[in-house]
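Commentary on secondary and tertiary structure
Chain residues, written in single-letter form:
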Amino acid sequence: MSPITFSRILNNGFLNYKRNFLLSAAATAMMVVTLFIISSLLVLNVLTNLSLASVKDKVDVSIYFNLGASEQTIRQIQRQVELIPAVKSIAYIPPVTAREKFKELHKDEPLLIESVEQFNDSENPFPASFAIRVNELGDYATVISLFQGEKFEPFVKKITDKRDIVDRLNRITNGIKNIGLGLTLIFSLITILVMFNTIRLTIYNRREEIEIMRLVGASNSYIKGPFIVEGIFYALAGAVITAALLYPMIFILTPKISGFLQLPADQINTWGLNFWVLLALQIISGVILAVISSLIVVKKYLKI
Amino acid sequence: MIKFDGVSKIYPKNIIALENVNLDIKQGEFISLVGRSGAGKSTLLRMITREESPSEGGVYIEDIDISRISSKDLPYLRRKIGVVFQDIKLITSRTAFENVAYAMEVGGSPVEEIEKDVSLILDLVGLAEKRDAFPSELSGGEKQRVAIARALAHRPVLFLADEPTGNLDQPNAMEIFSLLKKINEMGTTVILATHAKTLVDKIKKRVVVIERGQVVSDQEQGKYKL
Ligand SMILES: Nc1ncnc2c1ncn2[C@@H]1O[C@H](COP(=O)(O)OP(=O)(O)OP(=O)(O)O)[C@@H](O)[C@H]1O
Ligand SMILES: [Mg+2]
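Summary of the structure given here. (Residues numbered from 1 in each chain as written. Chains lettered and ligands numbered in written order. Predicted model: local features only at pLDDT ≥ 70, side-chain atom pairs only at ≥ 80, totals over all residues. Heavy atoms only, no water.)

1. Section: the interface of chain B and chain A
You'll often see interface size given as the accessible area lost when the parts meet. Put simply, the rule is: Contacts are assigned to residue pairs that have any heavy atoms within 4.5 Å of one another. When two parts are put together, the accessible area they lose, computed with a 1.4 Å probe and summed over both, is reported as buried area. Should a side-chain nitrogen of Lys or Arg be within 4 Å of a carboxyl oxygen of Asp or Glu, the pair is scored as a salt bridge. Pairs of N or O atoms within 3.5 Å make up the polar contacts considered here, provided that, within protein, one atom can donate a hydrogen while the other can accept it, and that residues adjacent in sequence are counted only when both atoms are side-chain atoms. Helix and strand labels come from DSSP, where a helix needs a run of H or I of at least four residues and a strand needs a run of E of at least two; each type is numbered from the N terminus.
In this assembly, 23 residues from chain B lie in contact with 18 residues from chain A. Buried surface at the junction of chain B and chain A, both sides included, amounts to about 1800 Å², of which 54% is carbon and sulfur. Of all residues in chain B, Arg78(B), Tyr102(B) and Val106(B) bury the most surface against chain A, accounting for 29% of the area lost on that side. Between the two partners, chain B and chain A, sit two salt bridges. For the pair chain B and chain A, the interface holds seven residue pairs in polar contact (both at pLDDT 80 or more). For the side of chain B that touches chain A, the secondary-structure elements that each account for two or more residues are α2 (74–79), α3 (96–106) and α4 (111–124) of chain B. Sort the elements by how many residues they give to the side of chain B that touches chain A and α3(B) lands first, with five residues.

2. Side note on unusual backbone geometry
Residues and elements named next belong to chain B. As a reminder of what qualifies: The classification of residues rests on relative accessible area computed with a 1.4 Å probe and restricted to protein chains. Under 20% of the type maximum is buried, over 50% is exposed, and intermediate values are partly exposed.
Notably, Ile 88 is not glycine yet its phi reads approximately 60°, a positive angle. Structurally, Ile 88 can be placed in the loop between β6 (81–84) and α3. Of the residues examined, Ile 88 reaches a relative accessible area of 16% and is grouped as buried. Despite not being glycine, Lys 89 has its phi angle at roughly 60°, a positive value. The residue Lys 89 is located in the loop between β6 and α3 in this model.

Rendered as structure tokens:
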């Protein structure tokens, strides 16, 4: 195709878009809604991944030992556990530290502090413990069953496990993602239908011209191209408007969200919520929707 | 150049528009196709541009069976043929100039060439002053001339005119006829479907008479007779 033909196709496509302004505006608006949902889904995905990662990082399993277990025994256990590949880190918290932590935590409650201070070091009621982190969430089960096994079990007083927090968070974010995906699907479908109808109407309005084009020897692409281009214009206009709406929102909301999720704000940008990435994503998804619907219309209503 | 070989055309509901038509048309000829309304003239012309396909037989252009031309190549065939449609088919939202330019744009001609050629062609059909008028601002004869200009835009080797003088008075029809003769004299093969008896008789060229879909007479320097 020669450049001049290509530019004529573009031009005719733009004319299609411009001529039926109200209808085009409706199709563009539909595009905006859908792209907005798609991009929100992406933003949400990035944020939940980030917060999950940060929560996972904070999760550990605590093994509390019986008061009778000697430090020597515990250290020996520690050396054995350290050898397990799934274990990322193991921290030994001696009774003294545990007591300090408790005091630190309850420093505004003098009564509690006082009661703790009644004990001297040798009578310290705080048990020694391990804080163990693993590489994968699934590895916690391994560690826990190890401490429940007959080898270590006699020394262990209690195991606390924060996995359920992660589970719950996982479930909530998955739920949100599923709803988002559902919405994306529904709105993509609506958008395709709205564009479909708009382009069909353009074809109807221009049927006289299309017939003449055919008869004076226009090629298939010359006749069909403008309607694909028209669809792509909906996508481009939709993407630009969506970006213009969404980006200020992200800008305002990011500090709040990252505060809430205790994420460093700068991390969010490095995770791909950058303006151009979003715009590109919107353009790509918009163009995909546009091309799908205009190809169907053209195939169905433009007999060459 | 063009050959109809036993061509029949049966439209849906069993309407027989053409029946066993055999025709040989040579390069540079001027042929008048005459016959009553509904005889099949337009159908015959539409076979040449492959707007319609024969139900039987074949249409050959330069020995190529045009039913074998792929839909991808069909535009190139149509660009070799200039057609003035019976119902004119101008784009109402475009000026005379734009209507003619349109046919050239479609073929990918550059802007300067279009500007130059269209002006030239509008001059040839005597519409230089009306170049910026919309079809609704033109008389019947002027519209016919825009249609002729558009059909000429591709510099066709074959020119099909379907009743280009319909609804025109004698002097106007006369002008169109001499325009077609001029086109023919420049080397283009012309096929003209018409009801204009006096004019057909006057130009003394080949006349093909169709009656109920059949060629009933085909004479060099023929007369209009039904
Ligand atoms: N698309 C079509 N579908 C069905 N029948 C058609 C179609 N086009 C033409 N016909 C029929 O075919 C026959 C020939 O029509 P055609 O248009 O070729 O006649 P014509 O000689 O051009 O007539 P006129 O002088 O009035 O233009 C007529 O009976 C007409 O009703
Ligand atoms: Mg006719």
